[in-house]
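These are the residues of each chain, in order.
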Amino acid sequence: FGFKGCQKIRGPQIRSLLEAKDFFLFDCDGVIWHGEKAITGAAKVVNALIRQGKNVVFVTNNCTRPRENYVHKFCRLGFTDVMLEQIFSSSYCSALYLRDVVKVRGQVFVIGCDGLRRELLEAGIPCVEEADDPDATIYNCALAPDVKAVLVGHDDKLTFLKLAKASCYLRDPDCLFLATDNDPWHPLSGGRILPGSGSLTAALEVASGRKATVIGKPSRFMFECISSQFRGVDPAQCLMVGDRLEVDMLFGSNCGLDTMLTLTGVSQIEEAQEYRNSDLSTNHSLVPDYVVDTIADFLPAFEE
Ligand code: PLP
Ligand code: CA
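The present account deals with the structure reproduced in this document. Treat the numbers as computed from the prediction; the structure is a model and nothing was measured.

## Observations regarding the pairing of strand 7 (residues 107-111)
Point 1. Taking burial as the measure, the 5 residues of strand 7 include 5 buried ones, the bulk of the element.
Point 2. Residues Gln107, Phe109 and Ile111 of strand 7 are buried on one face, and the alternating residues Val108 and Val110, pointing to the opposite face, are buried as well.
Point 3. One ladder, built from 5 bridges, connects strand 7 with strand 8 (residues 147-152); its direction is parallel. Bridged to Phe109 within strand 8 is Val150.

Structure follows, in structure tokens:
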């Protein structure tokens, strides 16, 4: 396309791009919704793509819910045609990684929300049960003898004890160190932010002197999960739509996909242009191929 290259595209350009691609990967927060509120027009866009027979999947680094919860959330917010098979979350992909790639034998110590643990249990992966003992400290607590992986994700009940236990398990070089995702923070309304999984992973990387294997975006593994479940996915036919340059655009580049930045989320077009103009060639992987203000800009392309 003549219009490829970190610039805003409109009407006929969007139409030809949508016609050319047959597989759409959407990031969720900042693209499809903000927390519990759908982006205006997003449901119409997603429903129209699905009805046109396009393949649509969702790739989210939010590890706090199992996939069924996303099906309900999509439905609640008006995305009526989204099915479980279309949802690829960092918790689901972490479960697949532990089960099918490393075939973990033994227990997994999880720093994360109940939703992450539920997704692992559904895949048959045993997790260390945490006793609710207010007097437990790292000096007197029991450590499980058969922990073969530490998995770190967003945890709204994080304690110092959990970090300390994870650090102890990671002393064993045979214990794997995985992170659902490496997102640094997430925007909340009113200018507040939520520290992301990446901030917890960083704490454990310092304590252990090790580097975590990241499962979610921008790692390629999520795309491998998609490719193994949808036959004949051709990267050249895919469009990755996201709101965060360092996560979503890099993910697309890592997987050989065309990328689109939508300006309803974290990153601004000026940051993309800075990466484009940077002398550091690794920064060029963060530059989107296309930019739109919102995915609602797709809507005219569905009109006759
Ligand atoms: N992780 C958590 C805990 C979040 O709250 C969010 C966004 O709200 C994300 C990850 C990022 O999700 P996504 O990849 O859909 O933007
Ligand atoms: Ca996002």
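Now that the structure is up, let's keep going.
## Here we look at the coordination of the calcium ion (ligand 2)
Geometry reference: four tetrahedral donors at a metal, ideal angle 109.5 degrees. Six octahedral donors, ideal angles 90 or 180 degrees.
Point 1. At the metal site, the calcium ion (ligand 2) is ligated by Asp27 (OD), Asp27 (OD), Asp29 (O) and Asp243 (OD), and these contacts range over 2.2 to 2.9 Å.
Point 2. Within one chain, the residues donating to the calcium ion (ligand 2) are spaced in sequence as D-x1-D-x213-D. Separated by 216 residues along the polypeptide, Asp27 in the loop between strand 2 (23-26) and strand 3 (33-34) and Asp243 in the loop between strand 13 (238-242) and helix 9 (245-255) bring together distant segments of the chain. Just as Asp27 is buried, Asp243 falls in that class too.

## Brief notes about the site of ligand 1
Point 1. Looking at ligand 1, the residues that line it are Asp27, Cys28, Asp29, Thr60, Asn61, Asn62, Thr64, His154, Asp183, His186, Leu194 and Lys217.
Point 2. Here Asp29 contributes a backbone N or O atom positioned 2.9 Å from an oxygen atom of ligand 1.
Point 3. Out of a free accessible area of 400 Å², ligand 1 has 88% covered by protein chains.
Point 4. In terms of residue class, the shell around ligand 1 is built from 2 nonpolar, 6 polar and 4 charged.

## A word on the sheet that holds strand 9 (residues 176-179)
Point 1. Spatial strand order, 7-8-9-12: 4 strands in an open sheet with parallel pairing. Whereas interior strands pair on both sides, the edge strands pair on one side only; in this sheet they are strand 7 and strand 12 (213-214).
Point 2. Where strand 8 meets strand 9, 4 bridges bridge the pair, whose relative direction is parallel. Counterpart to Val152 in the pairing with strand 9 is Ala179.
Point 3. On the sheet, helix 5 (residues 114-122) packs against strand 7 and strand 8 and is oriented at approximately 160° with respect to strand 7.

## Focus: the side chain of Ser267
Point 1. Of note, Ser267 is situated in the loop between strand 14 (258-262) and helix 10 (269-277).
Point 2. The exposure class of Ser267 is buried, given its relative accessible area of 1%.
Point 3. There is a polar contact of 3.1 Å between the side chain of Ser267 and the backbone nitrogen of Leu245.

## Details of helix 2 (residues 42-51)
Point 1. Counting buried positions along helix 2 gives 8 out of 10 residues, so the element sits mostly inside the fold.
Point 2. When helix 2 is considered as a whole, its buried residues turn out to be Ala42, Ala43, Val45, Val46, Asn47, Ala48, Leu49 and Ile50.
Point 3. Those residues of helix 2 that are buried lie in contact with strand 2 and strand 5 (55-60).
Point 4. Where helix 2 terminates, the next one or two residues include Gly53, which has phi positive at roughly 90°.

## Points about the environment of Phe26
Point 1. You can see Phe26 is positioned in strand 2.
Point 2. The buried category is assigned to Phe26, whose relative accessible area is 0%.
Point 3. For the pair Phe26 and Ile50, spaced 24 residues apart in the sequence, the C-alpha separation amounts to 13 Å.
Point 4. Residues within four places of Phe26 in sequence aside, it is in contact with Val31, Ile32, Leu49, Val56, Val57, Phe58, Val59, Val241, Ile295 and Phe298.

## Details of unusual backbone geometry
Point 1. Note the cis peptide between Lys217 and Pro218, where omega equals 5°.
Point 2. With respect to the helices, strands and loops of the structure, Pro218 is situated in the loop between strand 12 and helix 8 (221-229).
Point 3. With phi around 45°, Lys103 is a residue other than glycine that occupies positive phi space.
Point 4. Within the element layout of this structure, Lys103 appears in the loop between helix 4 (90-101) and strand 7.

## Regarding the packing of helix 4 against helix 8
Point 1. One way to put it is that helix 4 packs onto helix 8 with a least axis distance of 10 Å and a crossing angle of 75°. When the axis of helix 4 is compared with that of helix 8, the two are roughly perpendicular. Listed contacts from helix 8 to Ser90, Tyr92, Cys93, Leu96, Tyr97 and Val101 of helix 4 are Phe221, Met222, Cys225 and Gln229.
Point 2. Counted by class, the contact of helix 4 with helix 8 contains 8 nonpolar, 2 polar and no charged residues.

Rules used throughout
Residues numbered from 1 in each chain as written. Chains lettered and ligands numbered in written order. Predicted model: local features only at pLDDT ≥ 70, side-chain atom pairs only at ≥ 80, totals over all residues. Heavy atoms only, no water. Buried < 20%, exposed > 50% of the residue type's maximum accessible area, 1.4 Å probe, protein only. Helix = DSSP H or I, 4+ residues; strand = E, 2+ residues; numbered from the N terminus. Pairing = 2+ DSSP bridges. Donors = N, O, S within 2.8 Å, 3.2 Å for Na, K, Ca; no water. Near = heavy atom within 4 Å. Polar contact = N/O pair within 3.5 Å; in protein donor to acceptor, adjacent residues only side chain to side chain. Areas by Shrake-Rupley, 256 points an atom, 1.4 Å probe, with all protein chains shown as cover. Nonpolar A, V, L, I, M, F, W, Y, C, P; charged D, E, K, R; others polar. Contact = heavy atoms within 4.5 Å. Axes fitted to C-alpha atoms, helices over the stretch in contact; angles between N-to-C directions. Parallel < 35°, antiparallel > 145°, perpendicular 65-115°, else oblique.

These results come straight from atomic positions and should not be treated as a statement about function.
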